[in-house]
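One-letter residues, chain by chain:
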Amino acid sequence: KAGVTQTPRYLIKTRGQQVTLSCSPISGHRSVSWYQQTPGQGLQFLFEYFSETQRNKGNFPGRFSGRQFSNSRSEMNVSTLELGDSALYLCASSLEAASSYNEQFFGPGTRLTVL
Amino acid sequence: SQQGEEDPQALSIQEGENATMNCSYKTSINNLQWYRQNSGRGLVHLILIRSNEREKHSGRLRVTLDTSKKSSSLLITASRAADTASYFCATVTTGANSKLTFGKGITLSVRP
């Protein structure tokens, strides 16, 4: 089975721009979660989607949004980029909702640099 | 905010030695998970222990959970250079809208 894939792997943007990151979960997995990882804040939960519905959301401003498609693929969007948005963005998939009760499978991440 | 706090923050050992990493948390949990991350890449799930379990084994890994002390430990036996990575504990609280909350991680270096 193919693992979780994320595209692009690296991205450089400038302040004020917007960005869309993509995540394809493992086949059959219906839950996708997104995390932001920075050296200062560590790994922080952004949101979780299950069957195209946002199930849970972390403490991030409204500039961070996401969606999930009927094939379980997910995208997250960050608008009006700030320097502090530079981070590794990780996507994780799991079989069921209440995904945190089970093992999550992580993708390799997208490294976003905001200049 | 981080739920889990790992200890120590960094650990350096010789190949063949055992590595013990600790995690403490603050609120009641449904389960606790340990993940490994190699050099800024994706996380790999190592082991999950539920709140009603006290100990679990997986290969060279042994995890214990003490819910009365709100703490867990991860033991890697007979460490190898390939075990060099960052290790994170992540807790899942009980109740609605549960999510995985990670600690800041432990950097393990295994010297060949």
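Conventions used here
- Residues numbered from 1 in each chain as written.
- Chains lettered and ligands numbered in written order.
- Predicted model: local features only at pLDDT ≥ 70, side-chain atom pairs only at ≥ 80, totals over all residues.
- Heavy atoms only, no water.
- Helix = DSSP H or I, 4+ residues; strand = E, 2+ residues; numbered from the N terminus.
- Rg over C-alpha atoms; globule rule 2.2 N^0.38 Å.
- Buried < 20%, exposed > 50% of the residue type's maximum accessible area, 1.4 Å probe, protein only.
- Areas by Shrake-Rupley, 256 points an atom, 1.4 Å probe, with all protein chains shown as cover.
- Lys, Arg positive; Asp, Glu negative; His and termini not counted.
- Charge placed at Lys NZ, Arg CZ, Asp CG, Glu CD.
- Phe/Tyr/Trp six-rings, centres within 6.5 Å; stacked < 30°, edge-to-face > 60°.

*Asks:* Would you mind going over the overall build of chain B with me for this structure?
*Replies:* Looking only at helices and strands, chain B has zero helices and eleven strands in total. Helices and strands in chain B line up, N terminus first, as β-β-β-β-β-β-β-β-β-β-β. Scaling as 2.2 N^0.38, a compact globule of 112 residues should have a C-alpha radius of gyration of about 13 Å, and chain B matches this with 13 Å. Referenced to the eigenvectors of the C-alpha coordinate spread, the extents of chain B come out at roughly 45 × 25 × 20 Å. Relative to its full complement of 112 residues, chain B shows a buried share of 46%. Roughly 5200 Å² of accessible area belongs to chain B as shown, and the carbon and sulfur atoms make up 44% of that amount. Across chain B, the centroid of the 14 positively charged side chains sits 6 Å from that of the 9 negatively charged ones.

*Asks:* I would appreciate a short explanation of the packing of aromatic side chains in the present structure.
*Replies:* The geometry of an aromatic ring pair is captured by the separation of the ring centres together with the interplanar angle, meaning the angle of the planes. One pass over the structure, following the stated rule, counts nine aromatic pairs over all chains. Plain terms: the ring middles of A:Y35 and A:F45 are 5.8 Å apart, the flat faces sit at 70 degrees to each other, and that makes the pair edge-to-face. Of this pair, A:Y35 sits in strand β4 (residues 31-38) while A:F45 is found in strand β5 (residues 42-50), placing the two residues ten residues apart along the sequence. A:F45 matches A:Y35 in its accessibility class, with the two residues each being buried. Plain terms: the ring middles of A:F106 and B:Y35 are 5.5 Å apart, the flat faces sit at 80 degrees to each other, and that makes the pair edge-to-face. One end of the pair, A:F106, is in strand β10 (residues 105-106); the other, B:Y35, is in strand β4 (residues 29-37), on a second chain. The two residues A:F106 and B:Y35 agree in class, both being buried. One aromatic cluster is present, formed by A:Y35, A:F45, A:F106, B:Y35, B:F88 and B:F102 through successive ring pairs.

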